[in-house]
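Coordinates in review
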Amino acid sequence: MTKTSKELQALLAKMTINEKVGQLVQVTPSFFEEVEGTGIVTGLMGDYQIRGEDIYEVGSVLGSYDKAEIASIQQAYLKKNRLGIPLLFMADVIHGMKTIFPIPLALAASFNPEVAEAMASWSAIECQEAGIHLTFSPMVDLTKDPRWGRVMEGNGEDSYLDAQMARAFVRGYQGEKGELATNYAKIGSCVKHFIGYGLVEAGREYNHVSVSKLDLYQNHLPAFQAAIDEGTTLVMTAFNTIDGLPAVGNKPLIDALLRQEMGFKGPVIADWGAINQLMTHGVAEDQAAAAKLAITSGCDIDMMTNSYYDNLATLVDSQQVAIEAIDQAVLRVLQLKADLGLFEDPYRGSQTAQGQTLGTTIQTAARQIGHEAMVLLKNEQQVLPLKPTQRLALIGPKATSQDVLGAWCGYGEQKDAISFAEALTAQYEEVTVVPVNAVHELTEIELIQAKQAARDCDVVILALGEEGEETGEAASKTDICLPAAQRKLIQEIQAVNPTIVTVLFNGRPLDLTDVAERSTAILEAWFLGTQAGNSIVDILSGTVNPSGKLPMTFPMTVGQVPIYYNHMNTGNPLTPERQQEKYSSKYLDAPNTPRYPFGYGLSYSEFILTSEITITKEEPVRVDITCQLKNNGAYAGAEVIQVYLRDRVGQVTRPVKELKRFEKVFLEAGEQTTVQFELTAEDFTYYNASLEKVRDTGWYDLFIGTDSSAEKIMDFYL
Ligand code: BGC
């Protein structure tokens, strides 16, 4: 039986002020003398120190992935912690712990929330074996700017897709509500970063954010709300400001919006070092002021600064902070520990759990999850799938590379990853592999060898892309083209053999200038994780049919960024009739359209989609959509039916299109099925200028198809 709230209150009553403050402090494992600095740290520690025995009062540890380390810290800690309150271990397990799965952006490309749920569920099992109690995932920062390196951690540009994925991640990590306390194969989740971080200006990391309340409510809150409704255990604040206040010191944001309006009951944690940053942002003069601002705003846990540790007790003493504020924060932390069952078993079963990490079942799951994440962007002359007898040349910086995990890869190691070459040579007899040593360079020798191999084969496969560390946190770019060396490679190869299949390894939408037009086929493989090579070859060989769809628009050029499908119409839109009109919203040197739109992705099969619509105008209003989907091709495979809506006239401007429903449907070759969608009154609501959720009577356009450029199939008055 887990502790009741009365028992937790009684425990709180026994705690000294220092013990209370300790619960609100989070440190890395290296703070414990039992540990020889094996913890993984992700930021500056500066001169932060916990004095003497005080370390046995801190509440949580972040960044250890090591079973022996976690167990030894917990054991030593519990011997000395006066009240026997266990430590809570958190870590960044973003797309896998030891077995690495596709990056979250790639999981979103599956357009299949079950895939994200499965990934989270497998990650939780590996976490349990290591002793990790809670992961700092899912990251649901909505973003439209591929210059920002952290796009790889999120679900892309659409708030509906983001919310579906957020819910699936939380369910996968945590299971059913209440399951955490007894099912140790589940872990706590932390939705982050609250809020608006994906809007950093010009895509530059940690930059200023400027966002309207309307945009926040309409587009950024839904994924957080979905995670909260699903029971996420923790919320992490963002580094940026909202309305002039950094999120961690923003009472209207944490207290009024997150807790009161959105109903989040659990603890709120600062991002790494963020409480100290209140000083660098320029809203706190010294550390005491920073601590006061953060705690009174509702931030419970201080990740990796000494703001709370050095100042909270004094602030309470001098009556600048009410003890009630501390008590509430501590109770939320204790409740989380109780919800995780830590008072019953501080190790959460990790001592007996073993044998699944990196095991074959998880590898098979990772390989299958990888299948769903890849997006076929181009396939001319039906060059794909490859034929069994073709002579192949695999060339490029990602040919033999094991840098296929992507950033934020937990405790995963490149040595465990299956490279492209390893998987391809295992399946095809005639393969010449020409590795290119670096992503940004091409030597003369490499080029000569590459051209020779290209001349002597039927199909050239180019493995191109970014380094894993060019994506993730602190990895912003102004140029999102492939490096010049790789563009030169494809140009030179095309001159000797124009049959080129390009496979891309990257963590953001790219500007594919010089690559798209020179490739016969393009497979977007992202960073797929440990099973990358196997998953890719399964698709190239046709063993599996590609079914992924882009969760973010691929621009024609970086100058179009931010470019996204659900934009506003503007007062001077560029319509087909107004192409020659000077005063329309357009560029002089580039089109308005992207290279590949949101929701786009090809299959080896052709799918035929027809729909019938029934509108119910009486209250409760509804729109029933019945789709017939037929796989008209020779390959079994999946297609994603996408339903978009446009509200033509609103109380505020409304987007030209909004995704309302999607469903991935698997069909055997020749098979046909019926898929039904129901839009209810809620689907026609939006926020007006007073932030009220409203629904208008008026004209709507309905679009149904297999990407966001779907044709309008009807309009109706509702
Ligand atoms: C990141 C967070 C992460 C934290 C802990 C920060 O730098 O912004 O997303 O969870 O570090 O590693």
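Residues numbered from 1 in each chain as written. Predicted model: local features only at pLDDT ≥ 70, side-chain atom pairs only at ≥ 80, totals over all residues. Heavy atoms only, no water.

1. Some points on the overall build of the protein
Test applied: Working definition: helices are DSSP H or I runs of at least four residues, strands are E runs of at least two. Numbering for both runs from the N terminus. Values of the radius of gyration come from C-alpha atoms, whereas the globule rule sets the reference at 2.2 Å times the count of residues to the power 0.38. The classification of residues rests on relative accessible area computed with a 1.4 Å probe and restricted to protein chains. Under 20% of the type maximum is buried, over 50% is exposed, and intermediate values are partly exposed.
Within the protein one finds 17 helices and 25 strands. Computed over its C-alpha atoms, the radius of gyration of the protein comes to 26 Å, within 12% of the 27 Å expected for a compact globule of 718 residues. Each principal axis of the C-alpha atoms in the protein carries an extent, and together these give about 75 × 65 × 45 Å. With 718 residues in all, the protein has 60% of them scored as buried.

2. With respect to the environment of D215
Note the cut-off: The criterion used for residue contact is that any of the two residues' heavy atoms lie within 4.5 Å.
Counting through the fold element by element, D215 comes out in helix α7 (residues 213-229). Separated by 476 residues in the primary sequence, D215 and L691 have C-alpha atoms spaced 10.0 Å apart. Setting aside residues no more than four positions away along its own chain, D215 makes contact with L199 and H220.

3. Examining unusual backbone geometry
Residue H193 is reached from K192 by a cis peptide bond, and omega for that bond is -5 degrees. Its location among the elements puts H193 in strand β5 (residues 188-194). Following V561, the chain continues into P562 via a peptide bond in cis, with omega recorded as 0 degrees. Positive phi values are uncommon outside glycine, yet R348 reaches one of about 45 degrees. With respect to the helices and strands, R348 occurs in the loop between α12 (323-339) and α13 (360-373). With a phi close to 45 degrees, Q382 is a non-glycine residue in the positive phi region. On the basis of relative accessibility, which here comes to 61%, the residue Q382 falls in the exposed class.

4. Regarding helix α5 (residues 113-130)
Where we set the bar: By this rule the span expected of a helix is its residue count minus one, scaled by 1.5 Å.
Between its first and last C-alpha, α5 extends 26 Å over 18 residues, near the 26 Å set by a 1.5 Å rise per residue. Among all positions of α5, only V115, A116, M119, A120, S123, A124, I125, E126, C127, Q128, E129 and A130 are buried. Contact partners of the buried residues in α5: α3 (67-80), α4 (104-109), α6 (159-174) and α13. A positive backbone phi angle near 95 degrees is found at G131, which sits one or two residues after α5.

5. Focus on the nonpolar core
Inside soluble globular proteins, nonpolar side chains tend to come together where they are buried. Note the cut-off: What makes a nonpolar core is a set of buried Ala, Val, Leu, Ile, Met, Phe, Trp, Tyr and Cys residues whose side-chain atoms join them at distances within 4.5 Å.
I395, F420 and I461 are the most contacted members of the largest nonpolar core, which totals 206 residues. In this view, I461 contacts L386, L392, A393, L394, I395, F420, L424, V501, V503 and L540; residues no more than four positions away in its chain are not counted. Counting 20 residues, the second-largest nonpolar core is a separate cluster that includes V621, V643, L667 and L718.

6. Side note on the environment of M119
Relative to the helices and strands, M119 resides in helix α5. Considering only alpha carbons, one finds M119 and Q449, 330 residues apart in sequence, at a separation of 39 Å. Setting aside residues no more than four positions away along its own chain, M119 makes contact with I94, H95, G96, F101, L107, F169, Y173 and I369.

7. Looking at the packing of aromatic side chains
Note the threshold: The rule is short: rings of Phe, Tyr and Trp, with Trp giving its six-membered ring, pair when the centres are within 6.5 Å, and they are stacked under 30 degrees, edge-to-face over 60, tilted in between.
A complete count under the given rule lists 23 aromatic pairs for this structure. On the numbers, 6.4 Å between centres and 45 degrees between planes, the contact of Y56 with Y77 is tilted. Of this pair, Y56 sits in the loop between β1 (25-27) and β2 (60-62) while Y77 is found in helix α3, placing the two residues 21 residues apart along the sequence. Here Y56 matches Y77 in class, with each residue buried.

8. Regarding the sheet that holds strand β19 (residues 637-647)
Here is the rule we go by: The pairing criterion for strands is at least two bridges between them, as found by DSSP. To obtain each axis, a line is fitted to C-alpha atoms, and for helices this fit is confined to the stretch in contact; angles are then taken between N-to-C directions over 0 to 180 degrees.
Strand order in the open sheet formed by four strands is β20-β19-β24-β25, with antiparallel pairing between adjacent strands. Bordering the open sheet on either side are β20 (658-667) and β25 (712-717), each of which pairs with just one other strand. Between one strand axis and the next, the sheet turns through 20 degrees on average, direction left out of account. Where strand β24 (residues 699-705) and β25 come together, five bridges link them in antiparallel fashion. Following the sheet pairing, L702 is matched in β25 by M714.

9. Topic: the pattern of salt bridges
The cut-off we apply is this: Salt bridges are counted wherever a side-chain nitrogen of Lys or Arg sits within 4 Å of a carboxyl oxygen of Asp or Glu.
Counted by the stated rule, this structure contains 40 salt bridges. K451 is paired through a salt bridge with E492; the nearest N and O atoms lie 2.7 Å apart. Here the residue K451 occupies a position in helix α15 (residues 444-455), and E492 occupies one in helix α16 (residues 484-496), the gap between them amounting to 41 residues. What makes E492 partly exposed here is its relative accessible area of 25%. For K712, the salt bridge goes to D715, with nearest N and O atoms at 3.4 Å. On the accessibility criterion, D715 (32% relative accessible area) is partly exposed.

10. Here we look at the pairing of strand β18 (residues 622-631)
Along β18, the buried face is formed by V623, I625, C627, L629 and N631; none of R622, D624, T626, Q628 and K630, which line the opposite face, is buried. Bridge count between strand β17 (residues 607-616) and β18: 10 bridges; the pairing is antiparallel. Note on β18: the bridge partner recorded for I608 is K630. The loop that links β17 with its antiparallel partner β18 comprises five residues. Two strands pair when backbone bridges link them, and β18 and strand β21 (residues 672-680) are joined in this way by nine bridges, in the antiparallel orientation.

11. Focus on the site of the ligand
How we decide: Only a single heavy atom is needed: when it lies within 4 Å of a molecule or strand, its residue is near that molecule or strand. N or O atoms closer than or at 3.5 Å make up a polar contact, with two conditions inside protein: a donor-capable atom paired with an acceptor-capable one, and, for residues adjacent in sequence, both atoms drawn from side chains. Note on areas: Shrake-Rupley, 1.4 Å probe, and residue coverage restricted to the protein chains presented here. Charged residues are taken to be Asp, Glu, Lys and Arg, nonpolar residues to be Ala, Val, Leu, Ile, Met, Phe, Trp, Tyr, Cys and Pro, and polar residues to be all remaining types, Gly included.
In the vicinity of the ligand, 14 residues are found, and the nearest of them are D92, R150, H193, D271 and E473. Taking D92, its side chain carries an N or O atom lying 2.4 Å from an oxygen atom of the ligand. Separating an oxygen atom of the ligand from a side-chain N or O atom of E473 is a distance of 2.8 Å. For the ligand, whose unbound accessible area comes to 310 Å², protein coverage reaches 99%. Residues of the shell around the ligand, tallied by class, amount to seven nonpolar, two polar and five charged.

12. Here we look at the sheet that holds β17
In space, the three strands of this open sheet follow the order β17-β18-β21, with antiparallel pairing throughout. Edge positions in the sheet fall to β17 and β21, since each has one partner strand and no second. Each neighbouring strand pair of the sheet contributes to a mean axis angle of 15 degrees, computed without reference to strand direction.

13. Some points on α12
Across its 17 residues, α12 extends 24 Å between first and last C-alpha, which sits within 8% of the 24 Å expected from 1.5 Å per residue. By the burial criterion, the buried members of α12 are I326, D327, A329, V330, R332, V333, L334, L336, K337 and A338. Looking one or two residues beyond α12, the residue adopting positive phi is G341, at roughly 75 degrees.

14. A few points about the side chain of T553
Locating T553 in the fold gives a position in the loop between α17 (532-540) and β17. When neighbours within four sequence positions are excluded, T553 is seen to be in contact with E157, P509, I563, Y564, Y565, P594, Y596, P597 and F598.

15. Re the packing of α6 against α7
Under the convention used in this document: Oblique is the label for every angle not falling under 35 degrees (roughly parallel), over 145 degrees (roughly antiparallel), or within 65 to 115 degrees (roughly perpendicular). Here a crossing is taken to be left-handed if its near helix is turned anticlockwise relative to the far helix by less than a right angle, and right-handed if that turn runs clockwise.
Viewed as axis vectors pointing N to C, α6 and α7 meet at an angle of 20 degrees, and their least axial separation amounts to 8 Å. Regarding the angle of α6 to α7, the classification is roughly parallel. Read as a crossing pair, α6 and α7 show a hand that is right-handed. Contact with α6, carried on its side by S159, D162, A163, A166, R167 and V170, involves Q218, N219, P222, A223, A226, A227 and D229 of α7 and no other residues of that element. For the contact of α6 with α7, the class distribution of residues is seven nonpolar, three polar and three charged.

Geometric values such as these leave the question of function open.
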